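So you can see what is in the structure, the chains are spelled out below.
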Amino acid sequence: MDQNLKDFYFFSDFLNRKVYQSSDQRMGKIVDLVAERAEPYPMIIGIMVQTQGKRFYLPWEKIVRIEPQITLSEKEPLVLKSSLPEKDIVLLREEVMDKQIVDTFGAKVVRVNDLHFLRVDSRLRLVHVDVGFRGLMRRVGWEKVMDQALRWLFSYDLPNQFISWKYVQVLSGSDLLQLSVSQKKLSHLHPADLADIIEDLSGRERSAIFHALDTETAAEALEEIDPKIQKVLIETIPVEKASDIVEEMSPSDAVDLLADLPEERAEEILEGMEQEKAEDLRELLVHPDETAGGLMTTAYLSLTPEVSVETAISRLRQEAPNLDVIDYIYVVDAEEVLQGVISIRDLLTAQSHQTLSELQPPRVVSVKLDEDQNEVVEAFAKYGFRALPVVDEENHLRGIIGFRSVLDVLAPDAG
Amino acid sequence: MADYTKWVSSSRGSLWRTVGLFFVLMGPGIITSNVDNDAGGITTYSLAGAQFGLKLIWSLIPIMIALIVIQEMCARMGVVTGKGLSDLIREKFGAKITFYLMIGVFLTNMGNVLSEFAGVAAGMEVFGVNKFISVPLSAFLVWWMVVKGTYKSVEKAFLVACIFYISYIITGVIVKPDWGHVFEQFTHPQLSFQPSEMTMLIGLVGTTIAPWMQFYLQASIVEKGIKIDEYKFARFDVVMGSVIVHIVAFFIILVCAETLFKHGVRIETAKDAALSLAPLAGKYCSYLFAFGLVNASLFSASILPLSTTYLICEGLGWEAGIDKKFVEAPQFYGFYSIIIFLGAGIILYPNFPLIPIMYFSQVINGMVLPFVLIFMLLLINDKKLMMGYTNGPIFNTIAWVTSIVMISFTLILLIRMI
């Protein structure tokens, strides 16, 4: 390949450019670039050329010159194959250009305007995607005009908006199948960000990205997703997977989701779950949405009064991963009647040999199962607790309401 | 909403279930079609009735079929792909084509918004309200509904607004037409190839099928999250909408034909039509007609700016959505404000050459529509995109014929105008 090449190229520098066999014999035009599927910066291994309505693959090695015109090697006769090389490849125009991608660094969905390549010797490597207005203008062919206008009017140069390829998660085409491989990129994201991304995507991309998540991440993200979309997502995946995911979710979120599903589907999902968890959820499902019962969760720790502080702390440590609320331990007698509430602060400051009955404060604040949700909010505001126990008519502890559920009542559209 | 869906889908009786599901899923088709009967539409129908009587009324049937065919394709694309039309066009045809198409769509929709605010001003003037009060007030109302309301409440408000189109039907009954004669006009279509008649016919087609509708319908289908197995309800919604819009159009033509045409009154705008109705059919007729105009204009004025902004941002890859802050989506809010500000502001400018501007927006409308139709046909026949839901041969034939007729009509219109 000849000298005086640029260090960087754009996809738009190649798209629709003519390809010459010798200096004057035109062969066709470039319709796509083919990259290997590799991390972090994939190399361009060939081009797709269109001649007389047909598309052919040409390996990059066949190109002898890029400037002033793309010229192919004359030494060996050209074998035009329409088949692509067998190894893992990405057709950049078909799968990346103009498509939506996830910028895992900025945690948002963006549309690709152009691609940015770095030249290493005679090969190109894909280093950035361009998502800025400048890239768009370059595609339209107005980059120079815009530059001059902006410089003349405001002495301003519009910068490129690049995202490094290592932060890019492609969503379309064959990459859907590969998603689980490159999924590491997605697992950097906070579940709440992931939820926003899933909400921003449309149609197949949305379900594809959700399918690719592992059960735990899927459950965490699902908790944060808008209920309408939650429902669609859970209906598109196989029942067994749905059961696994719902099992991982916090009981109060899981119940909200199940309540929105058609009855048969919800039942199928429950049947696929662990017995104990399913029963908890079934119990929660009975309560209407807008009452304390509808807000509560069953993932809390309850102990009997004669348990020692030492044992209580070790039980808490043990159970913590599965609990929705770890701020309090609930003291109940053998009949599950609520006796008292002990905060984690009380627990940590107490002597390890004391029993829970010695610690518990004389007065316990709780709400009734059928209490209206607005009353619950009032109680939270009044007492400033991070969680409230929910009891039935006979003062049996049935569940607890965490502060997060109250936030959903107060600001349903936030986040 | 979720409760209804659950209740409906779990109810046993199949008729109940069907009717119920339809009511849950209806909206996009009916709203889109009714927005279509905007200020420009009412003006065109009034003129058609006043100038030619019932002579052209048969044309409503082929126009309706064309509208159903085109809208159905959009609805299907929305349901199957879960993406908006400008999104699909960008992904299939690339940045360059999309960019120019978006400029075209922006200009035509800008013209449409302008004519909606002009409609508000004209309609309110019949009630004696100065345009310097009615236009800023309606612009604010439009802005407030979008920024402060959610899609759900806005949609409900719009469905209610659809009911007010009945005012035209009532007017139609008040003027006591000769129904036998009306029926005969439908069964014996006639067309003389006079230039004035042809222009009116093209005008009727042009006002009924506009580029923005396809974008808006598909976007609201996607927004509604309709699934493939619920698609038949969405289709019914689209068909219903197209039928309703033509019933309204029919009554507008009828009213003007039975009164203005019979007495040889010449009119130039929808406001003229409303005012001229008073001596012929009574004061209330005139008020009802004007009220319909205001309702239609306001209705379209609240949908068009937002839908235009959405589709442009979607196509060019900018952040969009009323739940975003200004710094997150500057282009979105910028475009939205520009459209409303210009649309309402220009109307208030004294002696503004409104008629040439509306003409110009019609020309661009005509230039953009063929592209949109061709893109749609290419997209809907893309097997990879539509999977098992591409057009069948019969549907394809109807769709292509419709598109070619539409395109040639708009081309004739363009040639006439230049």
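No experiment lies behind these values; they were computed from the predicted model shown. (Residues numbered from 1 in each chain as written. Chains lettered and ligands numbered in written order. Predicted model: local features only at pLDDT ≥ 70, side-chain atom pairs only at ≥ 80, totals over all residues.)

**Description of the overall build of chain B**
Alright, step 1. A tally of regular secondary structure across chain B gives 19 helices and 0 strands.
Alright, step 2. Across the 418 residues that make up chain B, the buried fraction comes to 49%.
Alright, step 3. Within chain B, residue pairs in contact and separated by at least 24 positions form 82% of the contacts whose partners lie at least 6 positions apart. (Helix = DSSP H or I, 4+ residues; strand = E, 2+ residues; numbered from the N terminus. Buried ≥ 20, exposed ≤ 12 C-beta atoms within 10 Å, placed from the backbone. Contact = placed C-beta atoms within 7 Å.)

**Some points on the overall build of chain A**
Alright, step 1. Scanning chain A from N- to C-terminus turns up 19 helices and 20 strands.
Alright, step 2. Scaling as 2.2 N^0.38, a compact globule of 415 residues should have a C-alpha radius of gyration of about 22 Å, whereas chain A reaches 30 Å, well beyond that.
Alright, step 3. Dimensions of chain A, computed from the C-alpha atoms along their principal axes, are close to 95 × 50 × 40 Å.
Alright, step 4. Considering chain A as a whole, with its 415 residues, one finds that 35% of them fall into the buried category.
Alright, step 5. Of all intrachain contacts in chain A linking residues separated by at least 6 positions in sequence, the fraction that spans at least 24 positions is 61%. (Rg over C-alpha atoms; globule rule 2.2 N^0.38 Å.)

**Some points on the interface of chain B and chain A**
Many descriptions give the size of an interface as the accessible area lost when the pieces come together.
Alright, step 1. Counting residues at the interface gives 18 residues for chain B and 19 residues for chain A.
Alright, step 2. Of all the elements in the fold, those that place two or more residues in the side of chain B that touches chain A are α1 (2–10) and α6 (85–126) of chain B.
Alright, step 3. Counting residues per element, the side of chain B that touches chain A draws most heavily on α6(B), at 7 residues.

**Quick notes on unusual backbone geometry**
Residue and element names in this part refer to chain A.
Alright, step 1. Despite not being glycine, N16 shows a phi value in the positive range, around 70°.
Alright, step 2. Note that N16 resides in the loop between β1 (8–10) and β2 (18–20).
Alright, step 3. When the 11 C-beta atoms within 10 Å are taken as the criterion, N16 is described as exposed.

**Things to note about helix α8 (residues 215–224) of chain A**
Residues separated by three or four positions in an α-helix point in the same direction, a consequence of the helix having 3.6 residues per turn.
Alright, step 1. For α8(A), every residue scored as buried is listed here: A:A218, A:A219, A:E220, A:A221, A:L222 and A:E223.
Alright, step 2. The secondary structure elements touched by the buried residues of α8(A) are α6 (191–200), α7 (203–212), α9 (227–236), α10 (239–248) and α11 (251–260) of chain A.

**A few points about the packing of helix α4 (residues 39–52) of chain B against helix α11 (residues 195–208) of chain B**
All names here are of chain B.
Alright, step 1. At a minimum axis separation of 9 Å, α4 and α11 run at an interaxial angle of 155°. The orientation of α4 relative to α11 falls into the category roughly antiparallel. Handedness of the α4/α11 crossing: left-handed. The segment α4 lies against α11, with G40, G41, T44, A48, Q51 and F52 engaging E197, M200, G203, L204, T207 and T208. (Axes fitted to C-alpha atoms, helices over the stretch in contact; angles between N-to-C directions. Parallel < 35°, antiparallel > 145°, perpendicular 65-115°, else oblique. Left-handed = near helix turned anticlockwise from the far one by under 90°.)

**Considering the pairing of strand β20 (residues 397–402) of chain A**
All names here are of chain A.
Alright, step 1. In terms of burial, β20 is a largely internal element, 6 of the 6 residues being buried.
Alright, step 2. Direction of pairing for strand β19 (residues 387–391) relative to β20: antiparallel, over a ladder of 5 bridges. What sits directly across from L388, in β20, is I401.
Alright, step 3. Between β19 and β20, which pair antiparallel one after the other, the connecting turn spans 5 residues, and N395 there sits at a positive phi close to 70°. (Pairing = 2+ DSSP bridges.)

**Side note on the sheet that holds strand β10 (residues 108–111) of chain A**
Residue and element names in this part refer to chain A.
Alright, step 1. In spatial order, the strands read β10-β9-β14; together these 3 strands make up an open sheet with antiparallel pairing. The open sheet has two free edges, formed respectively by β10 and β14 (168–170), since each of these has just one partner strand. Taking the axes of each pair of neighbouring strands and ignoring which way they run, one obtains an average angle of 35° across the sheet.

**Describing the sheet that holds strand β16 (residues 328–332) of chain A**
Residues and elements named next belong to chain A.
Alright, step 1. In spatial order, the strands read β15-β16-β17; together these 3 strands make up an open sheet with mixed pairing. Because the sheet does not close on itself, it has two edges, and the strands there are β15 (302–303) and β17 (338–343).
Alright, step 2. Looking at chain direction, β16 and β17 are connected through 5 bridges and run antiparallel. Residue pairing across strands places I329 opposite I342, the latter belonging to β17.

**Points about the pairing of strand β4 (residues 44–51) of chain A**
Residue and element names in this part refer to chain A.
Alright, step 1. Where burial is concerned, most of β4 is hidden: 6 out of the 8 residues are buried.
Alright, step 2. For strand β3 (residues 26–36) and β4, the ladder comprises 6 bridges, and the chain directions are antiparallel. By the bridge assignment for β4, A35 is matched with I44.
Alright, step 3. Examined bridge by bridge, β4 and strand β5 (residues 54–59) share 6 bridges and lie antiparallel to one another. Across the sheet, the residue bridging to Q50 is R55, located in β5.

**Topic: the environment of B:P136**
Alright, step 1. Inspection of the secondary structure puts B:P136 in helix α7 (residues 131–148).
Alright, step 2. The spatial distance from the C-alpha of B:P136 to the C-alpha of B:T32 is 25 Å, given a sequence separation of 104 residues.

**With respect to the domain arrangement of chain A**
Alright, step 1. The assigned domain composition of chain A is domain 1 (8–93), domain 2 (203–286) and domain 3 (302–410).
Alright, step 2. For domain 2 of chain A and domain 3 of chain A, the distance between their C-alpha centres works out to 27 Å. (Domains from an automatic or database assignment.)

**Quick notes on the nonpolar core**
Here is a general trend for soluble globular proteins: nonpolar side chains tend to be buried in one another's company.
Alright, step 1. Core analysis: the largest hydrophobic core is formed by 120 residues, its most contacted members being B:F117, B:I252, B:I253, B:C256, B:A273 and B:L293.
Alright, step 2. It is helix α15 (residues 283–316) of chain B that contributes the most residues to this core, 18 residues altogether.
Alright, step 3. If near-sequence neighbours (up to four positions away) are discounted, B:L293 is found in contact with B:A39, B:I42, B:G119, B:A122, B:G123, B:A270 and B:A274.
Alright, step 4. A:I197, A:V246, A:I269 and A:L388 belong to the second largest nonpolar core, which has 93 residues in total. (Core = buried A, V, L, I, M, F, W, Y, C linked by C-beta atoms within 7 Å.)

**Description of the confidence of the model for chain A**
Alright, step 1. The share of residues in chain A with pLDDT of 70 or more is 92%, and the mean pLDDT across the chain is 83.
Alright, step 2. By mean pLDDT, helix α4 (residues 175–178) of chain A is the weakest element of chain A at 53, and β19(A) is the strongest at 90. (pLDDT = per-residue confidence, 0-100.)

**Quick word on the confidence of the model for chain B**
Residues and elements named next belong to chain B.
Alright, step 1. Across chain B, pLDDT averages 79, with 89% of residues at or above 70.
Alright, step 2. Element-level pLDDT for chain B is lowest in α1, with a mean of 48, against a maximum mean of 89 in helix α5 (residues 60–81).
Alright, step 3. The low-confidence segment residues 7–11, where pLDDT is below 50, has 10 contacts with residues more than four positions distant or belonging to other chains.
Alright, step 4. As a predicted assembly, this complex carries a pTM of 0.78 together with an ipTM value of 0.74.

**A few points about the environment of A:D32**
Residues and elements named next belong to chain A.
Alright, step 1. Looking at where D32 falls in the secondary structure, it is placed in strand β3.
Alright, step 2. Along the sequence, D32 and L15 sit 17 residues apart, while their C-alpha atoms lie 6.7 Å from each other.
Alright, step 3. Excluding anything up to four places from it in sequence, D32 contacts M48, L91, L92, R93 and E94.

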